[in-house]
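# Observations on the three-dimensional arrangement
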Amino acid sequence: MAVQRVFPLSCVVQQYAWGKMGSDSEVAQLLASSDPLARISEDKPYAELWMGTHPRGDAKILDNHISQKTLGQWLAENQDCLGSKVKETFNGKLPFLFKVLSVEMALSIQAHPNKELAEKLHLQAPQHYPDANHKPEMAIALTSFQGLCGFRPVEEIVTFLTKVPELHFLIGDNAATQLKQSLGRDSQTVASALQSCFSHLMKSEMKAVVEQLNLLVKRVSQQVAAGNNVEDICGELLLQLHQQYPGDIGCFAIYFLNLLTLKPGEAMFLEASVPHAYLKGDCVECMACSDNTVRAGLTPKFIDVPTLCEMLSYTPSPSKDRLFPPTQSQEDPYLAIYDPPIPDFTVMKMEVPGSITEYKVLALDSASILLMVQGTVTASTPTAKVAIPLQRGGVLFIGANESVSLKLTGPEDLLMFRACCLL
């Protein structure tokens, strides 16, 4: 009997404190829509939906004909369904974790190590760095999505040093002067000056940080109360972050990092060593399978300042350069492909008008996970005995080289995202 290689999944929800509450959360809405038995608690956060085989959130298989209970167990026994190249390259494991995030409070400012550094950190401090893998990530906005990503152009940071004396105080005259003098010089000089500035900030005495932050917050609050515009020093964002993480060094990092607001469908790709933080909104995220995070602020967790300051990529660029545009498929007018410069994952976005009666999902030489964000369909495949109904929040595992046909069963347009590995 042919092995069934396409089946629906029930995925794990993580209720981290920074998530949006109750049905304000896209994660909660997807869960409630896909599972009629799910009860959403309005006083609890619904932060992340995990679609994959991670040990802390291995997806359950929703098919009684399949003896294995989870996707991780099933793939361990059906490795060929990963696709021949994926199986070989990633030692018989699914190389990515696919997620939906609903962010209410800022996540920590962080960066992820490259492979070489990950191996070293994991050997030195496995309690903080649980594996030896790199962790590139990509976020694609579902709603307006705000984040910090990569270092700002030096001109902008120099302007903040003048407009925000509290920041200048923590960094000190020498480092501030060095940064000003690096303007227009070669990239090595700029990177070195930027590293010096950022490291001075991050290594400031806690007491000085709290004092200067309180002065700045008081000054901005008075300006706001007087009806003045504080946009030139990111005043509103500063107050918001300070309210979430009082006295945290990360509140000053907004003057170093680009502030991005992604519109639905826009993406940012976070390669190794790029500092970033998600601030607010809902997104689809895909990442390599790793838990390695080096934190810098906006967090109660362990902060490894020396490692962070040493490892970061001190390459300033304007915020628009941080957007990662998809390419339009040549074969399929409804398909956009977000294909980052790493082997671990690719994400596809499919927007199909409701007027279409049937849509064929591209067969790939890779296992993939499909998320239904909008629309209602029945999925049929040559190997499945019965058609699989899918609606908003539904998640489908598709084995390598399987062709899936979706029949639209409602008038609504379809919006789907699919994570895979294109080697």
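The structure we're discussing is the one just above.
Now for a quick tour of the structure.

How each quantity is defined
Residues numbered from 1 in each chain as written. Predicted model: local features only at pLDDT ≥ 70, side-chain atom pairs only at ≥ 80, totals over all residues. Heavy atoms only, no water. Salt bridge = Lys/Arg side-chain N within 4 Å of Asp/Glu carboxyl O. Helix = DSSP H or I, 4+ residues; strand = E, 2+ residues; numbered from the N terminus. Buried < 20%, exposed > 50% of the residue type's maximum accessible area, 1.4 Å probe, protein only. Pairing = 2+ DSSP bridges. Core = buried A, V, L, I, M, F, W, Y, C linked by side-chain atoms within 4.5 Å. Contact = heavy atoms within 4.5 Å. Phe/Tyr/Trp six-rings, centres within 6.5 Å; stacked < 30°, edge-to-face > 60°. Polar contact = N/O pair within 3.5 Å; in protein donor to acceptor, adjacent residues only side chain to side chain. Axes fitted to C-alpha atoms, helices over the stretch in contact; angles between N-to-C directions.

Quick look at the pattern of salt bridges now. Considering all chains together, one arrives at 18 salt bridges under this definition. Glu104 serves as the salt-bridge partner of Lys280, at 2.7 Å between the closest nitrogen and oxygen. Placement of the pair is Lys280 in strand S13 (residues 276-288) and Glu104 in the loop between strand S7 (96-103) and strand S8 (109-111), with a sequence separation of 176 residues. Assessed through its relative accessible area of 32%, Lys280 is described here as partly exposed. Measuring nitrogen to oxygen at the nearest pair gives 3.3 Å for the salt bridge that ties Lys349 to Glu351. Among the charged side chains, a salt-bridge network with shared partners connects Glu358, Lys360 and Lys407.

This part is about the pairing of strand S1 (residues 6-10). Most of S1 is tucked away: 4 of the 5 residues are buried. Where S1 and strand S22 (residues 395-398) come together, 4 bridges link them in antiparallel fashion. Note on S22: the bridge partner recorded for Phe7 is Phe397. Sheet topology places S1 next to strand S6 (residues 60-61); 2 bridges connect them, and they run antiparallel. Bridge assignment links Ser10 to a residue of S6, and that residue is Lys60.

Hydrogen bonds between backbone atoms are what pair the strands of a sheet, whose relative direction is either parallel or antiparallel. Spatial strand order, S6-S1-S22-S19-S24-S17-S16-S15: 8 strands in an open sheet with antiparallel pairing. This sheet does not close on itself; its edge strands, each paired only once, are S6 and strand S15 (327-328). In this sheet, strand S16 (residues 335-338) lies alongside S15 in antiparallel orientation, the contact comprising 2 bridges. Its bridge partner lying in S16, Thr327 is registered against Ile337.

Here we take up the nonpolar core. Membership of the largest hydrophobic core comes to 61 residues, with the highest contact counts inside it found for Leu167, Ile171, Leu179, Leu238, Phe252, Tyr255 and Phe256. If we ignore the near neighbours within four places in the chain, the residues touching Tyr255 are Arg152, Ile157, Phe160, Val164, Leu167, Leu216, Ile233, Cys234 and Leu238. Leu9, Leu49, Leu142 and Phe345 belong to the second largest nonpolar core, which has 45 residues in total.

Residues Gly235, Leu237, Leu238, Leu241, His242 and Gln244 constitute the buried set of helix H10 (residues 235-244). Those residues of H10 hidden inside the fold are in contact with helix H9 (206-225), helix H11 (250-253), strand S11 (257-262) and S13.

The next subject is the packing of aromatic side chains. Under the criterion given, the structure shown has 13 aromatic pairs. Between Tyr16 and Trp18, the aromatic rings sit 5.8 Å apart at their centres with planes inclined by 40 degrees, giving tilted as the arrangement. Judged by its relative accessible area of 27%, Tyr16 falls in the partly exposed class. Of the residues examined, Trp18 reaches a relative accessible area of 14% and is grouped as buried. Aromatic side chains Phe151 and Phe198 sit 5.3 Å apart centroid to centroid with 85 degrees between the ring planes, which places their arrangement in the edge-to-face category. With Phe151 in strand S10 (residues 145-151) and Phe198 in helix H8 (residues 187-202), this residue pair connects regions lying 47 residues apart in the sequence. A residue is classified by how much of its surface remains accessible, and Phe151, at 0% relative accessible area, is buried. Residue classification places Phe198 among the buried positions, given a relative accessible area of 1%.

If you trace the backbone, Asn258 turns up in strand S11. Looking at Asn258, the relative accessible area reads 2%, which means it is buried. The spacing of Asn258 and Phe151 is 107 residues in sequence and 5.9 Å in space, taken between C-alpha atoms. Setting aside anything within four residues of it in sequence, one finds Asn258 in contact with Gly147, Leu148, Cys149, Gly150, Phe151, Arg152, Pro153, Glu156, Ser317, Pro318, Ser319 and Arg322. Of note is the side chain of Asn258, whose polar atom sits 3.4 Å from the backbone nitrogen of Ser319.

The residue Lys99 is located in strand S7 in this model. Side chain to side chain, Lys99 and Glu48 meet in a polar contact 2.9 Å long. Aside from chain neighbours lying at most four places away, what touches Lys99 is Glu48, Leu49, Trp50, Met51, Cys283, Val284, Glu285 and Met287.

A word on the sheet that holds strand S20 (residues 377-380). Read across the open sheet, the 4 strands follow the order S18-S23-S20-S21; overall the sheet is antiparallel. Looking along the sheet, the strands with just one partner apiece sit at the ends: strand S18 (358-361) and strand S21 (388-390). When the angles between neighbouring strand axes are averaged without regard to direction, this sheet yields 25 degrees. Where S20 and S21 come together, 3 bridges link them in antiparallel fashion.

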